[in-house]
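Structural overview for review
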Amino acid sequence: MSLQSALIFLGFICIFHLVGGVVVGLYLRQVRRGGSWSEFPRLVWGAAAGGLPMVIGASTFMDAGMPYLVAVEMVVFVAAIFSVVFFPEAFLESFRSPQVARVAFSGVFIVVGAVVAVLAFREGTFMVVLFGMVFVGVGALIFVPALKALFKP
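Along each chain, the written sequence defines residue order, and numbers are assigned to residues from 1. Residue-level local features of this predicted model are given only where pLDDT is at least 70; pairs of side-chain atoms are given and counted only at 80 or more, and the full residue set underlies all totals for whole chains, interfaces and linings. Note: side-chain values were computed over all heavy atoms of the structure, leaving out hydrogens and water.

**Describing the overall build of the protein**
Defined as follows: Strands here mean DSSP runs of E at least two residues long; helices mean DSSP runs of H or I at least four residues long; both are numbered from the N terminus. Partly exposed residues are those whose accessible area sits between 20% and 50% of the maximum for their type, while under 20% is buried and over 50% is exposed, using a 1.4 Å probe and protein chains only. Any two residues whose heavy atoms approach within 4.5 Å are treated as being in contact. Shrake-Rupley sampling with a 1.4 Å probe provides the accessible areas, and residues are treated as covered by the protein chains on show and by no other component.
For the protein, the helix and strand inventory stands at six helices and zero strands. Along the protein, helices (α) and strands (β) appear in the sequence α-α-α-α-α-α when read from the amino end. Viewed in the frame of its principal axes, the protein has a C-alpha envelope of about 55 × 50 × 20 Å. Put simply, the protein has 153 residues, and 29% of those count as buried. Taking the contacts inside the protein whose residues are at least 6 apart along the sequence as the reference set, 69% of them involve residues at least 24 apart. Accessible surface computed for the protein: about 9,500 Å², of which carbon and sulfur atoms make up 78%.

**What to know about the packing of helix 2 (residues 40-63) against helix 3 (residues 67-86)**
Geometry of a packed helix pair, given as the angle between the helix axes and the separation of the axes. To keep it simple, the criterion reads: Helix axes are fitted to C-alpha atoms over the stretch in contact, other axes to C-alpha atoms as well, and angles between N-to-C directions run from 0 to 180 degrees. Should an angle fall under 35 degrees it is called roughly parallel, over 145 degrees roughly antiparallel, and 65 to 115 degrees roughly perpendicular, with every other angle called oblique. All residues other than Ala, Val, Leu, Ile, Met, Phe, Trp, Tyr, Cys, Pro, Asp, Glu, Lys and Arg, Gly among them, are scored as polar; the first ten of these are nonpolar and the last four charged.
For the pair helix 2 and helix 3, the least separation of the axes is 8 Å and the interaxial angle reads 170°. When the interaxial angle is binned, helix 2 and helix 3 end up roughly antiparallel. Together, Gly-46, Ala-47, Gly-50, Gly-51, Pro-53, Met-54, Gly-57, Ala-58, Phe-61 and Met-62 of helix 2 and Pro-67, Leu-69, Val-70, Glu-73, Met-74 and Phe-77 of helix 3 make up the contact between the two elements. The residue makeup of the contact of helix 2 with helix 3, split by class, is eleven nonpolar, four polar and one charged.

**Some remarks on the nonpolar core**
Taken as a class, soluble globular proteins show a tendency for nonpolar side chains to be buried jointly. Applied cut-off: Only buried Ala, Val, Leu, Ile, Met, Phe, Trp, Tyr and Cys residues count toward a nonpolar core, and they belong to the same one when joined by side-chain atoms within 4.5 Å.
In terms of nonpolar packing, the biggest core is built from nine residues, these being Ala-6, Leu-10, Ile-13, Cys-14, Ala-58, Phe-61, Met-66, Leu-69 and Val-70. Sorting the residues of this core by element identifies helix 1 (3-32), helix 2 and helix 3 as the ones contributing at least two each. Among the nonpolar cores identified, the runner-up in size contains eight residues, and Tyr-27, Val-31, Leu-43 and Phe-77 belong to it.

**Digging into the packing of helix 1 against helix 2**
The criterion, for reference: By convention the crossing between two helices is left-handed if the near helix lies anticlockwise of the far one by an angle smaller than a right angle, and right-handed if it lies clockwise.
Contact geometry for helix 1 and helix 2: axes closest at 8 Å, N-to-C directions at 155°. On the basis of their axis angle, the class for helix 1 and helix 2 is roughly antiparallel. Of the two possible hands of crossing, helix 1 and helix 2 adopt the one that is left-handed. Across the contact of helix 1 with helix 2, the residue classes break down as 19 nonpolar, seven polar and one charged.

**As for the packing of aromatic side chains**
The condition is simple: Aromatic contacts are taken between Phe, Tyr and Trp rings whose centres are within 6.5 Å, Trp giving its six-membered ring; a plane angle under 30 degrees counts as stacked, one over 60 as edge-to-face, and the others as tilted.
A full pass over the atoms with the stated rule returns five aromatic pairs. Between Phe-9 and Phe-61 the ring centres are 5.7 Å apart and the planes differ by 70°, which places this aromatic pair in the edge-to-face class. Of this pair, Phe-9 sits in helix 1 while Phe-61 sits in helix 2, placing them 52 residues apart in sequence. Given a relative accessible area of 22%, Phe-9 falls into the partly exposed group. By relative accessible area, Phe-61 is classed as buried at 0%. Linked through ring pairs, Phe-109, Phe-131 and Phe-135 together constitute an aromatic cluster.

Below you can see the structure in the form of structure tokens.
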């Protein structure tokens, strides 16, 4: 596996590490504030969503002779957990609006589409470039109105 392919794969699986880490962090934050253990399945889901891709990534990167990328995976997962557990509540409240979710989701669409388009352009595959540009377009159509609504006074 080339370094470029490994970094693209790392970027993809880090999305799952971030989502799983945030869910685990929200659960631990609730327990730390004296909440109940009743939502234990949330902890299991977050650990699975972040941990299972880590196992896949670890085996892939170790086979490719890139153990440092396994360390990057672990740092991303643990950093997501600790960020949510220890950040001030007022800071996290600002991320709970639907506009922020739309901006984040569409931003991922734009970045993934741009990366796919650039890599496919280098290979000369027109249909894949077109596919990547569709991702960029859809992401932009969602991103711009959501960003306007987010900054509307």
